[in-house]
Amino acid sequence: MRAVLAWKETIRDQCVYDLAFKPDGTQLIIAAGLRVLVYDVADGAIIQPLKGHKDIVYCVAYAKDGKRFASGSADKSIIIWTSKLEGILKYTHNDSIQCVAYNPVTHQLASCSTGDFGLWSPEQKSVNKHKVSSKITCCGWTNDGQYLALGMMNGVVSIRNKNGEEKVKIERPGGSSSPIWSIAWNPSNRWQWSTREYWKGEDYALEQLSMFFDAPYSQSQECRCSHYRGQTNRDEHNDILAVADWGQKLSFYQLSGKQIGKDRTLTYDPCCVSFFSKGEYIVMGGSDKQASLYTKDGVRLGTIGEQNAWVWTCRVKPDSNFVVLGCQDGTIACYQLIFSTVHGLYKDRYAYRDSMTDVIVQHLITEQKVRIKCRELVKKIAIYRNRLAIQLPEKILIYELYSDDSSDMHYRIKEKICRKFECNLLVVCSQHIILCQEKRLQCLSFTSVREKEWVMESLIRYIKVIGGPPGREGLLVGLKNGAILKIFVDNLFPITLLKLSTSVRCLDMSASRNKLAVVDEHNTLLVYDINSKELLFQEPNANSVAWNTQCEDMLCFSGNGYLNIKASNFPVHQQKMQGFMVGYNGSKIFCLHVYSMSAVEVPQSAPMYQYLEKKMFKEAYQIACLGVTDSDWRDLATEALEGLDFDTAKKAFIRIRDLRYLELINSIEERKKRGENDNELFLADVYAYQGKFHEAAKLYKRTGHESRALSMYTDLRMFEYAKEFIGATDPKNSRILMTKQADWAKSSKEPRAAAEMYLSAGEHLKAIDIIGEHGWEDMLIDIARKLDKAEREPLAKCAFYFERLKHHGYASETYSKMGDLQALVQLHVETRHWEEAFSLVEKHPQFKNHVFVPYAQWLAENDRFEEAQKAFHKAGRQNEAVKVLEQLTQNAVVENRFNDAGYYYWMLSMQCLDIARESEDQRDEMLKKFERFQHLAELYHVYRSIQRYTDEPFSSHMPETLFNICRFLLNNLTKDIPPGISKVNTLYALAKQSRRLGAYKLARYSYEKLQELHIPSRFQESIELGSLTIRSKPFHDSEDLIEGMMCYRCSTNNPLLNNQGSVCINCRQPFIYSASSYEVLPLVQFYLEEGISDEDAVSLIDLEVPHTDQRDARWQDMDNGELQALRMDDGLDDPEEDPFTAKMSFEQGGSTFVPVKVSRSVLRSMSRRDVLIKRWPRPLKWEYFRSLLPDVSITMCPTCFKMFHSEDYELLVLQHNCCPYCRRPIDEPN
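Keep in mind it's a predicted model, so treat the numbers as computed, not measured. (Residues numbered from 1 in each chain as written. Predicted model: local features only at pLDDT ≥ 70, side-chain atom pairs only at ≥ 80, totals over all residues. Heavy atoms only, no water.)

## A closer look at the overall build of the chain
Going by this rule: For helices the rule is a DSSP run of H or I covering at least 4 residues; for strands it is a run of E covering at least 2, with both sets numbered from the N terminus onward. Partly exposed residues are those whose accessible area sits between 20% and 50% of the maximum for their type, while under 20% is buried and over 50% is exposed, using a 1.4 Å probe and protein chains only. The criterion used for residue contact is that any of the two residues' heavy atoms lie within 4.5 Å.
Per the secondary structure count, the chain includes 32 helices and 64 strands. For the chain, the proportion of its 1230 residues judged to be buried stands at 52%. Counting contacts in the chain only where the partners sit at least 6 residues apart, residues at least 24 apart contribute 47% of the total.

## Notes on the sheet that holds strand β57 (residues 1083-1088)
Our working definition: By this definition, two strands are paired if DSSP reports at least two bridges between them. Orientation is described by lines fitted to C-alpha atoms, with helices fitted over the stretch in contact, and by angles between N-to-C directions that extend from 0 to 180 degrees.
The strand order across the open sheet built from four strands is β60-β57-β62-β61, with neighbouring strands paired in mixed fashion. Looking at strand neighbours, the two that pair on one side only are β60 (1156-1158) and β61 (1171-1174), the edges of this open sheet. Averaged over all neighbouring strand pairs, the angle between strand axes comes to 40°, with direction disregarded.

## A closer look at helix α28 (residues 1094-1103)
Inclusion rule: The directions considered for the arc run from the helix axis to the C-beta atoms.
By the burial criterion, the buried members of α28 are Ala1097, Val1098, Leu1100 and Ile1101. Down the axis of α28, the sector holding all buried residues measures 165°, keeping them to one side. In α28, those exposed residues whose orientation departs by more than 90 degrees from the buried face are Glu1095 and Leu1103.

## Describing unusual backbone geometry
A cis amide bond links Arg1178 to the next residue, Pro1179, at an omega of 5°. Position of Pro1179 among the secondary structure elements: in the loop between β61 and β62 (1183-1187). Look at Asn541: it is not a glycine, yet its phi comes out positive at around 55°. Relative to the helices and strands, Asn541 is located in the loop between β49 (535-539) and β50 (544-547).

## Regarding the sheet that holds strand β1 (residues 2-10)
The antiparallel open sheet is built from four strands, whose spatial order is β1-β29-β28-β27. The open sheet is flanked by β1 and β27 (311-316), the only strands paired with a single partner. Taken over all neighbouring pairs, the strand axes of this sheet differ in orientation by 20° on average, direction set aside. For β27 and strand β28 (residues 322-327), the ladder comprises five bridges, and the chain directions are antiparallel. Counted as the bridge partner of Val316 is Val323 from β28.

## Things to note about the pairing of strand β15 (residues 147-152)
Most of β15 is tucked away: five of the six residues are buried. Pairing of strand β14 (residues 136-141) with β15 involves five bridges; the strand directions are antiparallel. Residue Trp141 lies in a different strand from β15, and its bridge partner there is Leu148. Where β14 folds back on β15, the antiparallel hairpin that results is connected by five residues, among which Gly145 adopts a positive phi of roughly 70°. In the sheet, β15 pairs with strand β16 (residues 156-161) via five bridges, with the strands oriented antiparallel. Note on β16: the bridge partner recorded for Ala149 is Ile159. Here β15 folds back onto β16, and the loop between the two strands holds three residues, one of which, Gly155, carries a positive phi near 85°.

## Some points on the packing of aromatic side chains
The test is simple: Between the rings of Phe, Tyr and Trp (Trp by its six-membered ring), a pair exists once the centres lie within 6.5 Å; its type follows the angle of the planes, with under 30 degrees stacked, over 60 edge-to-face, and the other angles tilted.
The final tally for this structure, using the stated rule, is 31 aromatic pairs. Each ring, one from Tyr17 and one from Trp312, has its centre 5.9 Å from the other, and the planes form 85°; the classification is edge-to-face. Of the two residues, Tyr17 sits in strand β2 (residues 16-21) while Trp312 sits in strand β27, which places them 295 residues apart along the sequence. On the accessibility criterion, Tyr17 (24% relative accessible area) is partly exposed.

## Overview of the state of the cysteines
Where we set the bar: When two cysteine sulfur atoms lie within 2.5 Å, the pair is treated as a disulfide.
Applying the stated criterion across every chain, the model contains zero disulfides. Looking at the unpaired Cys59, the closest cysteine sulfur is the one in Cys99, lying at 6.2 Å.

## Concerning the pattern of salt bridges
Rules: We define a salt bridge as a side-chain nitrogen of Lys or Arg found within 4 Å of a carboxyl oxygen belonging to Asp or Glu.
Enumeration according to the criterion identifies 37 salt bridges in this entry. With a shortest N-O distance of 3.6 Å, Lys566 and Glu539 are connected by a salt bridge. Pair noted here: Lys566 is in strand β52 (residues 562-567) and Glu539 is in strand β49, with a separation of 27 residues, a long-range link. When its relative accessible area of 5% is taken as the criterion, Lys566 is described as buried. For Glu539, a relative accessible area of 17% corresponds to the buried category. Residues Asp645 and Lys618 are paired through a salt bridge, measuring 3.4 Å at the closest nitrogen-oxygen approach. Of this pair, Asp645 sits in the loop between α3 (630-642) and α4 (646-655) while Lys618 sits in helix α2 (residues 617-626), and the two are 27 residues apart along the sequence. Exposure remark for Asp645: the relative accessible area of 13% places this residue in the buried category.

## Some remarks on the nonpolar core
One broad trend across soluble globular proteins is that nonpolar side chains are buried collectively. Note the cut-off: Here, nonpolar core means buried Ala, Val, Leu, Ile, Met, Phe, Trp, Tyr and Cys residues that are tied together by side-chain atoms lying within 4.5 Å of each other.
Ranked by internal contacts, the top residues of the largest apolar core, which has 85 residues, are Trp906, Tyr940, Leu969 and Met1203. In terms of residues, this core owes the most to one element, helix α21 (residues 898-918), which gives 13 residues. Once residues lying within four places of it in the same chain are set aside, the contact partners of Tyr940 are Val893, Phe898, Ala901, Gly902, Tyr905, Pro978, Pro979 and Ile981. Leu388, Val427, Leu441 and Cys443 belong to the second largest nonpolar core, which has 52 residues in total.

## Considerations on the packing of helix α5 (residues 659-673) against helix α6 (residues 679-690)
Definition in use: Orientation is classified from the angle alone, with under 35 degrees giving roughly parallel, over 145 giving roughly antiparallel, 65 to 115 giving roughly perpendicular, and any other angle giving oblique. Less than a right angle of anticlockwise turn of the near helix away from the far helix marks a crossing as left-handed, whereas a clockwise turn marks it as right-handed. When residues are grouped by polarity, Ala, Val, Leu, Ile, Met, Phe, Trp, Tyr, Cys and Pro land in nonpolar, Asp, Glu, Lys and Arg in charged, and all others, Gly among them, in polar.
Contact geometry of α5 with α6 gives a least axis separation of 11 Å together with a crossing angle of 165°. The angle between the axes of α5 and α6 places the two elements in the roughly antiparallel class. As α5 packs across α6, the resulting crossing turns out to be right-handed. Where α5 approaches α6, its residues Arg660, Tyr661, Leu664, Ile668, Arg671 and Lys672 are matched on the opposing element by Leu681, Phe682, Asp685, Val686, Tyr689 and Gln690. Residue composition of the contact of α5 with α6, grouped by class: seven nonpolar, one polar and four charged.

## Section: the packing of helix α25 (residues 1000-1011) against helix α26 (residues 1017-1029)
Running from amino to carboxyl end, α25 crosses α26 at an angle of 135°, the nearest separation of the two axes being 10 Å. In this view, α25 runs oblique relative to α26, as classed from their interaxial angle. Crossing angle aside, the handedness with which α25 passes α26 is left-handed. Each of Tyr1007, Leu1010 and Gln1011 in α25 lies in contact with α26, whose residues at this interface are Ile1023, Gly1026 and Ser1027.

## A word on the side chain of Lys1202
Inspection of the secondary structure assignment puts Lys1202 in the loop between β63 (1194-1196) and β64 (1203-1205). For Lys1202, a relative accessible area of 12% gives the class buried. Those residues in contact with Lys1202 that lie beyond four places of it in its chain are Glu938, Ala1075, Thr1195, Met1196, Cys1197 and Tyr1221.

## A look at α26
Stated precisely, the cut-off is as follows: A helix's residues, less one, multiplied by 1.5 Å, set its expected span.
The first and last C-alpha atoms of α26 sit 19 Å apart over 13 residues, in line with the 18 Å expected at 1.5 Å per residue. Residues Phe1019, Ile1023, Gly1026 and Ser1027 constitute the buried set of α26. In an axial view of α26, the angular spread of the buried residues amounts to 100°, which keeps them on one side of the axis. Residues Ser1017, Glu1021, Leu1025 and Leu1028 are exposed on α26 and point more than 90 degrees away from its buried face.

## Quick notes on the environment of Leu325
The residue Leu325 is located in strand β28 in this model. Spatially, the C-alpha atoms of Leu325 and Val16 are 9.0 Å apart, while their sequence positions differ by 309 residues. Beyond its immediate chain neighbours, meaning those up to four positions away, Leu325 contacts Leu19, Ala291, Gly305, Gln307, Val311, Thr313, Cys314, Thr331, Ile332, Ala333 and Tyr335.

## Some words on the environment of Asp1094
Following the sequence through the fold, Asp1094 ends up in helix α28. Linking Asp1094 and Glu1183, residues 89 residues apart in sequence, is a C-alpha distance of 9.3 Å. Non-local contacts of Asp1094, meaning those with residues more than four positions away in its chain, are made with Leu1088, Trp1182 and Tyr1184.

## A short note on the environment of Asp297
So the rule is basically this: Throughout this description, a polar contact denotes any pair of N or O atoms lying within 3.5 Å of each other; where both atoms belong to protein, one of them has to be capable of donating a hydrogen while the other can accept it, and for residues adjacent in sequence the pair is counted only when both atoms sit in side chains.
Note on placement: Asp297 falls in the loop between β25 (290-295) and β26 (300-306). Taking the relative accessible area as the measure of exposure, Asp297 reaches 9% and is therefore buried. A distance of 2.5 Å separates a polar atom in the side chain of Asp297 from a polar atom in the side chain of Thr295.

Shown next, in the form of structure tokens:
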């Protein structure tokens, strides 16, 4: 800091007691003698003297709004003046006026005299006055205008509110021996205080700055700073009062009266204290005949101006660095304070002085800041690597970083050199400090030992550490005579690098120490090759220069408001920038503007493009690494790629993450490894990737790779260009091109055009695919008809799409054209065109299985099982037929459809018979199954009637029929009862019908048997009731019922229930039952003697040798080819013995069945009308039955061979239009 006298005036024989600035700083009001003088601040010229007081004017004050000011005098009066220098009001006190002060907010005026003080405001007509116990010497309002502080002669500071009431009383230790002579409130509300006693330890003076001063930061235990004890609570008023007394003390107090820190001892009696506008400094003068500058917390910084008499008053011009002093001898002096920048820079760390006593270290990259409080005037700062040197008035402090981390900002004291030094420049190294004074350089160790000294031939203008090993660093020194030296701290002998003709202003050496940049006193930048001393280039208008620390060939310099960047020998790139350029690291340029240092991010685009123009890709890449935009990286990558510098291009494309180009470069590198070295071909690929297709095509053609050009054009759908490229002379390529164009049309949702193009290119399959997918059958049939029958694949594809489009006729036509009969058969089957399939099978029997099997399956799926069975027969798939029928039978039983179950079992039996006839290996097994299935069919057929009786509310059967059916079923049930057939239901029905028909014994037997079985709950009550009531009935059966069970062979009456089955208990002759009423029919089965075949037997019976004419008249033969029926006319029995009757005789009491066997003569004696023949298919034998009661008409179904009473049969056929047992339609031929 230095003070420059701006102007000086003297008022003869008058003491200047007080002065005040107009708030805008244009006028100065001075209390001198009997007058109030108004001066122009700019040049010290008096504007006007104001008269009005009759005695010495002691004090003046200007209102904050600049509209009026006041003066107080020994004549006990106060005069209020306007800004136009007119007196408007005057009032008085009882004693001489000592001081006046305007409230900064309400513009209330406080006027203080020896014995009282008054408060006046324009709104009030009177002045409120308050007595005091001691003479008031000074006064001042707080910033918010709420409180007024009064300094008194007895050493007391009294703080009053706006009404004059005392709120705080501060009693100084010196009492009346230390009168308060001046007080001042700090105008800033942001107050930070520190003195030595408030730090954790003397060795650790560290505070981390946040963006706001309000938030001090503490770091680790050992370097933590104690929060300022002097800082007030934010809830309190933040006003700080500076108090100067004639006990030669300067003290600071909070509004609450609490003292901040210790008293500052002065060496003189202070007469005036005044703060700068922002509160950062204090100006104080007094008996030492000079004004001094202090920090806001009372640290003396230096002298402003020495005078010949006491300095009675001093004030700071608002918002400026101008200070005006008033002295006892009438001198008025105006000084301008110039605060020089004290700072140091090393790479990205910048240290600078703040508030004269603090050092802030700023990391220019991370923007971190650290404040180091030194509590004394900071004179010099030097920074190098992890070292920081701060020169104070009486010592030098050496700090070091805690760690080697490049972003670490925590400093601690390493050494103290407690000596006073006078120097112009200070430099710090790893183990030394360098002091520069005029021509002399001194090297001191951190322990204050002077190790070396160099004396130069001229004044030192510039010095800089350029690095080196610890203890052996190099210094770059520029002298006023133009000499540039390099000095090593461990070497006594300087090395002269260059000798210029003009003084050196700024220096820097490139990173590799090969080039030197110098700015001379004419602001010319000179760049030299250090080794050859050759001047490489020079540039005008430079005031500072710096080499890029990361790039050898780049430097920047500033001057005339421009920043200049120069790369190699290329022209300079300029951009506007205020301030001095002091460092250049990568893409960041460190710029000092006034007092602030900032890191400016400068894209290195301009120098990069300069290198690109010269095809210097590697150098351009190095520049780009310092910091360029993404578009610059892309340009670099593209240029390098076109220049075939694949390594640089690859690095650049990696930076912008362009995978497409990286794949291209990778493929080119792979091809190079395989031995390819045609740069034109590589360049063609590059052009193709960049979209320069025509250039790429020319290069492809030049290198003999026309196919690549063609592929490129077709891939890009540039078919017109492709046609131009290949011309009209290449039919093969034209066809390929047409195909690709069709591919594109297909992918671009133009299928019809694509199909036509495929047809033009001869790609029938692709065309057919598109046409078929879109269902254009007219186009498809045109293609199919135009294709040659030898082109089987396209024709097959056409047929496939016709099938899919349900165009059976077109598909059939196409398969016929191909001659693919199997596919045609398959088509008919899939489309269910069975008639066409059958007609085809008639011509080509080898496809029988291909038609009848699916046909049978289709019939089965549609519940047409009889037809399905026939189809399976035709296809020769007997096993499938059996499986289907078995499954259907099982389902019918599970679903209680016993009529269907009987029918299906009958069909199964016939199926087994067919298999037995066709397969010798399975004959025995199949015949057993035939017998079992025939038996089951009959059981289920009869059980259907019982089930309907028990489960349905009404029955269509007569009681006799139900009675017969139950007996038949019980007689034929073995131990293994078939699934679904309930013995309970059967016995229950039998019991009910037996009771109704008078068979009480049988009914009682049935009820007893039911008691042995598990009875369903729905029958329980009925059966129990029936069991009780049947006991009231006779214990025998009706005679009529027993006679109905007579054997027609031996005339034995059989029991109603026979445990031997449906055979006679005497002769063992099986009973033949009617399949409708289940009465025993008057039929006896007979067998042929050995040697008589079925054909012989039929022919013998057909001879029909008549005995009398009467016999012929009695019988009518009803054999019409379909049915065999016997009907008798009216007449008497022939008494003549029948040969057949003789054959029926047998031994009484025999336990084995003796069948009736007939000879040829007996056969001849039989009438065709008396015989019924079951003509079973092979391998079964025919069965022969003879009717013994000619008056009973019996009919036999020619399909299932079941016997019926003719009347019953005819009625059932009329009801069902088919046989009730085998469901053979009546109109079906046998």
